[in-house]
Amino acid sequence: MQPEIVFIGGGNMARAIIGGLRQHGRAASALAAIEPDAAARAALSQDFGIRTADTLQALGASAAAPLAATIVWAVKPQVLKDAMLAARPLLSSQQCLHLSIAAGVTTASMQAWLGDVRMVRAMPNTPALLGQGMTGLFAAASASEADRSQAQAIAEAVGQTMWVEQEPLLDAVTALSGSGPAYVFYFLQAMRDAGTQLGLTPEQAYQLAVATFAGASALAAQSPESPEVLRQRVTSKGGTTFAATQAMDAQHMQQHFIDAMRASHDRAREMARELG
């Protein structure tokens, strides 16, 4: 029996999605992974009970009997072209839905390598490892509503999803949520170091910083008010928070942060040109 979903690549993000699908009731027999590393294959089989192989041929695919399944491309963008060209003869061009989580590679490039296939791009982020991810999705014109539903169900196994209707907007998703966890860690590092300079231990400062980010994010998620209003509610003129925000405004930190996200966005576009 052929699997319903086949992962090409068995790294951390693939493991997160596979684990999420299993927790949401997807049968192990419905899933398979192609992973060249023997230790990683063994871990996938042991942890999730799924079929694994080092190649599509070892999974049973051939030019005479191509695989008909949803294919989740979970390899590094730099090797995606070679992986797709090698797999193309072994995949049914009519019956496979292709879901790529490789950053920066456009649907036009992937369809040049695979043919005019049904294609959805996904941009997840690392909180997916805890089932709290945010994934941006874009469907090529060849994808049906059923394809969109299938791709969304896979992505929702590790968190929330958001569709964009223009592919270039995935670069904005990359700049905001794809790279976003690193921004949070960057500020956590700064808050830890500041707290340490002010006399706390690094452990105390880091615990306070993490709890503050988590609590403020939960408050923002539940509140209908804008971040501007939420900030004003904890900022008394002449008080301690006011002094901090005034210092940040004097250094133009908000604009610097916007510039940093634009750099991420522009790099995503550069990668599309380099890898396509």
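Model, not experiment: these values are computed from the prediction.

Across its full length, the chain carries twelve helices and eight strands. Each principal axis of the C-alpha distribution contributes one length, and for the chain these read about 75 × 35 × 30 Å. Intrachain contacts of the chain at a sequence separation of at least 6 include 62% that bridge at least 24 residues. Carbon and sulfur atoms form 56% of the exposed surface of the chain, whose accessible area is close to 15100 Å². Between the averaged position of the 19 positive side-chain charges in the chain and that of its 22 negative side-chain charges there is a distance of 1 Å.

Estimates place the volume of the second largest pocket at around 880 Å³. Lining the second largest pocket are 36 residues, with Ile8, Ala74, Val75, Lys76 and Pro77 sitting closest to its centre. Mapped onto the lining of the second largest pocket, the elements with two or more residues apiece are α1 (12–23), α3 (56–59), α4 (77–87) and α7 (169–178). Per-element tally for the lining of the second largest pocket: the top contributor is α4, with six residues. Grouping the amino acids of the lining of the second largest pocket by side-chain chemistry returns 21 nonpolar, twelve polar and three charged.

On to the environment of Arg267, then. Following the sequence through the fold, Arg267 ends up in helix α12 (residues 253–275). Note on Arg267: relative accessible area 36%, which makes it partly exposed. Measuring from C-alpha to C-alpha, the distance between Arg267 and Ala175 comes to 9.0 Å, with 92 residues separating the pair along the chain.

Turning to its location among the elements, Ser109 is positioned in helix α5 (residues 107–114). Overall, Ser109 belongs to the buried group, its relative accessible area being 11%. Side-chain polar atoms of Ser109 contact the side chain of Thr106, separated by 3.2 Å.

Non-glycine residue His252 carries a positive phi angle of around 55°. Of note, His252 is situated in the loop between α11 (240–250) and α12.

Take the UniProt feature "domain: Pyrroline-5-carboxylate reductase catalytic N-terminal" (unreviewed entry) in the chain next. UniProt feature "domain: Pyrroline-5-carboxylate reductase catalytic N-terminal" (unreviewed entry): in the numbering of this structure it lies at residues 5–87. Counting secondary structure, residues 5–87 comes out at 46% helix and 18% strand; the distance between its end C-alpha atoms is 15 Å.

The UniProt entry lists residues 167–271 under the feature "domain: Pyrroline-5-carboxylate reductase dimerisation" (unreviewed entry), expressed in the numbering used here. A helix fraction of 82% and a strand fraction of 0% characterise residues 167–271, whose end C-alpha atoms lie 14 Å from each other.

Burial along strand β1 (residues 5–8) is two-sided: the face carrying Ile5 and Phe7 and the face carrying Val6 and Ile8 are both buried. Alignment of β1 against strand β2 (residues 31–34), held across four bridges, turns out to be parallel. By the bridge assignment, Phe7 is partnered in β2 with Ala33. Regarding topology, α1 serves as the crossover connection from β1 to the parallel β2, and that connection is right-handed.

Looking now at the sheet that holds β2. Taken in spatial order, the eight strands make up an open sheet running β3-β2-β1-β4-β5-β6-β7-β8, and their pairing is mixed. Sheet topology places β3 (51–53) and β8 (159–163) at the edges, where each strand pairs with a single neighbour. Averaged over all adjacent pairs, the angle separating strand axes in this sheet is 20°, with direction ignored. By the bridge criterion, five bridges tie strand β7 (residues 133–139) to β8 in an arrangement that is parallel. Each bridged residue has a counterpart across the sheet, and for Leu137 the counterpart in β8 is Trp163. Along the sheet face, α1 touches β1 and β2 and points at about 160° away from the line of β1.

A few words on the pattern of salt bridges. For the structure on display, the rule yields eleven salt bridges. A salt bridge links Glu167 to Arg121; its shortest N-O distance comes to 2.9 Å. Of this pair, Glu167 sits in the loop between β8 and α7 while Arg121 sits in strand β6 (residues 118–123), placing them 46 residues apart in sequence. Under the relative-accessibility criterion, Glu167 is labelled buried at 15%. Connected via shared salt-bridge partners are Glu145, Arg148 and Glu165.

If you look at the biggest cluster of nonpolar residues, it comprises 31 residues, and the most contacted ones within it are Phe7, Ile17, Ile18, Ile50 and Val120. Mapped onto this core, the elements with two or more residues apiece are β1, α1, β2, α2 (38–48), β5 (97–100), β6, β7 and α6 (145–155). In terms of residue count, α1 provides more of this core than any other element does, six residues in total. Excluding residues within four positions of it along the chain, Ile18 makes contact with Phe7, Leu31, Ala33, Leu44, Phe48 and Ile50. Among the nonpolar cores identified, the runner-up in size contains 29 residues, and Ala32, Leu59, Ala61 and Met110 belong to it.

Criteria and thresholds
Residues numbered from 1 in each chain as written. Predicted model: local features only at pLDDT ≥ 70, side-chain atom pairs only at ≥ 80, totals over all residues. Heavy atoms only, no water. Helix = DSSP H or I, 4+ residues; strand = E, 2+ residues; numbered from the N terminus. Contact = heavy atoms within 4.5 Å. Areas by Shrake-Rupley, 256 points an atom, 1.4 Å probe, with all protein chains shown as cover. Lys, Arg positive; Asp, Glu negative; His and termini not counted. Charge placed at Lys NZ, Arg CZ, Asp CG, Glu CD. 1 Å grid on protein atoms, 1.4 Å probe; cavity = no way out; pocket = protein on both sides within 12 Å on 5 of 7 lines; lining within 4 Å. Points joined across faces, edges and corners; volume = space filled by probe spheres on them. Nonpolar A, V, L, I, M, F, W, Y, C, P; charged D, E, K, R; others polar. Buried < 20%, exposed > 50% of the residue type's maximum accessible area, 1.4 Å probe, protein only. Polar contact = N/O pair within 3.5 Å; in protein donor to acceptor, adjacent residues only side chain to side chain. UniProt positions renumbered as here; feature names shortened; annotations may be inferred. Pairing = 2+ DSSP bridges. Right-handed = clockwise from strand over helix to strand, strands pointing away. Axes fitted to C-alpha atoms, helices over the stretch in contact; angles between N-to-C directions. Salt bridge = Lys/Arg side-chain N within 4 Å of Asp/Glu carboxyl O. Core = buried A, V, L, I, M, F, W, Y, C linked by side-chain atoms within 4.5 Å.

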